[in-house]
Amino acid sequence: PKPLLPVHDKPLIAWHLERLAQAGITEVVINHAWLGQQIVDSLGSGQAFGVNIAYSAESPALETAGGIAHALPLLGEQPFLVINGDIWCDWPLSQAQEMAHRLSAGDRLAELVLVDNPPHHPEGDFYLQASGVVLDHPSGPEPQTRLTFAGIGVYHPDLFGTLDPNRPAALAPLLRQGMRQAQIRGQHHVGQWLDVGTPERLAALAGLLA
């Protein structure tokens, strides 16, 4: 599985776990499907990385939103941070705590991290307003640019409350539904981000970290 691909003799997902521990986020849930037992065997309890890992197994794979809904009993009733296992990003994970507090205090359902569009995804995903509201379509007279969703977000469990926890479901339709109610916020991260989707991008990440 891609999260176990080695980058400088360390699995890609280990970089996430170590950065989470450094940010004081130590309770981790990993959902897995294809070759998932390899992830369990490699990471174990998470003690070696300074975290405690619980696993949410999927059979069959439930996609992003379905996997989150399936894992909700492990995630609890408070907002939580989600990171795609096949990316690398230097966004400061300590900001997740503030985002979670904002979700708890208001009517927002999610806060997303957005990045500049990479060459392999030049059309982007969503529009970010100056107010921080994320939209699927531009709004207002000012020029706006579509940005790419980084695969990092903090979510309120209510976003997934209508899903069957045992059926596949994509995340984007849920986010777009929330956008229509102005319940999705975001921030533009201008640092480093890579979607490790090809051998070439894996090599690029190795070069970046070197």
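Because the structure is predicted, anything quoted here is derived from the model rather than measured. Just so you know, the residues in each chain are numbered from 1, in the order the chain's sequence is written. Local features in a predicted model are, by the rule used here, given only for residues with pLDDT of at least 70; side-chain atom pairs are given and counted only at 80 or more, and totals for whole chains, interfaces and linings are based on all residues. Hydrogens and water are ignored here; the side-chain numbers use all heavy atoms of the structure.

Let us now look at the overall build of the chain. Secondary structure elements are taken from DSSP: a helix is a run of H or I of four residues or more, a strand is a run of E of two residues or more, and numbering for both begins at the N terminus. What the chain contains, in helices and strands, is six helices and 10 strands. Taken over the C-alpha trace, the chain has a radius of gyration of 17 Å; the compact-globule value for 210 residues is 17 Å, and the two agree within 12%. Here the C-alpha coordinates of the chain stretch approximately 50 × 40 × 30 Å along the principal axes. Looking at the 210 residues of the chain, the share that counts as buried comes to 45%. The contact criterion used is simple: two residues touch if any of their non-hydrogen atoms lie within 4.5 Å. For the chain, restricting intrachain contacts to residue pairs at least 6 apart in sequence, the fraction spanning at least 24 positions comes to 68%. Taken together, the 11 basic and 21 acidic charged side chains of the chain have centroids lying 5 Å from each other. We compute the radius of gyration over the C-alpha atoms and compare it with the globule rule, which gives 2.2 Å times the number of residues raised to the power 0.38. For every residue, the accessible area obtained with a 1.4 Å probe (protein chains only) is divided by the maximum for its type, and the residue is called buried under 20%, exposed over 50%, and partly exposed between those limits. Residues counted as positive are Lys and Arg, residues counted as negative are Asp and Glu, and His and the chain ends are not counted. Where a charge lies is defined by one atom per residue type: Lys uses NZ, Arg uses CZ, Asp uses CG and Glu uses CD.

By the bridge criterion, six bridges tie strand β1 (residues 27-32) to strand β2 (residues 52-57) in an arrangement that is parallel. Bridged to H32 within β2 is A57. The path from the first strand over the helix to the second decides the hand: if it runs clockwise while the strands point away from the viewer, the crossover is right-handed. Viewed along the sheet, the connection from β1 through helix α2 (residues 36-43) into β2 turns out right-handed. DSSP bridges decide pairing: two strands pair if at least two such bridges lie between them.

Take the packing of aromatic side chains next. When the centres of two rings from Phe, Tyr and Trp lie within 6.5 Å, Trp using its six-membered ring, the rings pair. Their planes under 30 degrees apart give stacked, over 60 give edge-to-face, and anything left gives tilted. Taken as a whole and assessed by the stated rule, the structure comprises three aromatic pairs. Ring plane angle 50° and centroid distance 6.5 Å describe the contact between F80 and Y155, whose orientation is recorded as tilted. Here F80, found in strand β3 (residues 80-83), pairs with Y155, found in strand β8 (residues 146-155); they are 75 residues apart in sequence, far enough to count as distant. We classify Y155 as buried; its relative accessible area is 1%. With centroids separated by 5.7 Å and ring planes inclined at 75°, the aromatic side chains of Y155 and F160 adopt a geometry described as edge-to-face. For the cation-ring pair, K10 lies above W15, with the distance from its terminal atom to the ring centre recorded as 3.8 Å. Throughout this description, the term charge over a ring refers to an Arg CZ or Lys NZ atom that lies within 6 Å of the ring centre and within 35 degrees of the ring normal.

The next subject is the nonpolar core. L17, V28, I30, L43, I53, W91 and I152 are the most contacted members of the largest nonpolar core, which has 27 residues in total. Every element with two or more residues in this core is listed here: α1 (12-22), β1, α2, β4 (87-89), α4 (95-105), β5 (110-115) and β8. Dropping the residues within four chain positions of it, I30 is found in contact with I13, I39, L43, I53, A54, Y55 and S56. What we call a nonpolar core is a set of buried Ala, Val, Leu, Ile, Met, Phe, Trp, Tyr and Cys residues that are connected through their side-chain atoms within 4.5 Å. In terms of nonpolar packing, the next biggest core, distinct from the first, is built from 24 residues, L72, F80, L159 and M179 among them.

A few words on helix α6 (residues 199-209). Along α6, the residues that are buried comprise R201, L202 and L205. Considered in projection along α6, the buried side chains sweep an arc of 105° and stay on one side of the axis. Turned more than 90 degrees off the buried face of α6, the exposed positions are P199, E200 and G207. Structurally, α6 contributes buried residues whose contacts are with α1, β4 and β10 (193-195). Comment: arc refers to directions from the helix axis out to C-beta atoms.

Before going further, it helps to examine the environment of P168. Its place among the elements puts P168 in the loop between β8 and α5 (172-179). With relative accessibility at 46%, the residue P168 sits in the partly exposed group. Apart from residues no more than four positions distant in its own chain, P168 is found in contact with A61, L62 and E63.

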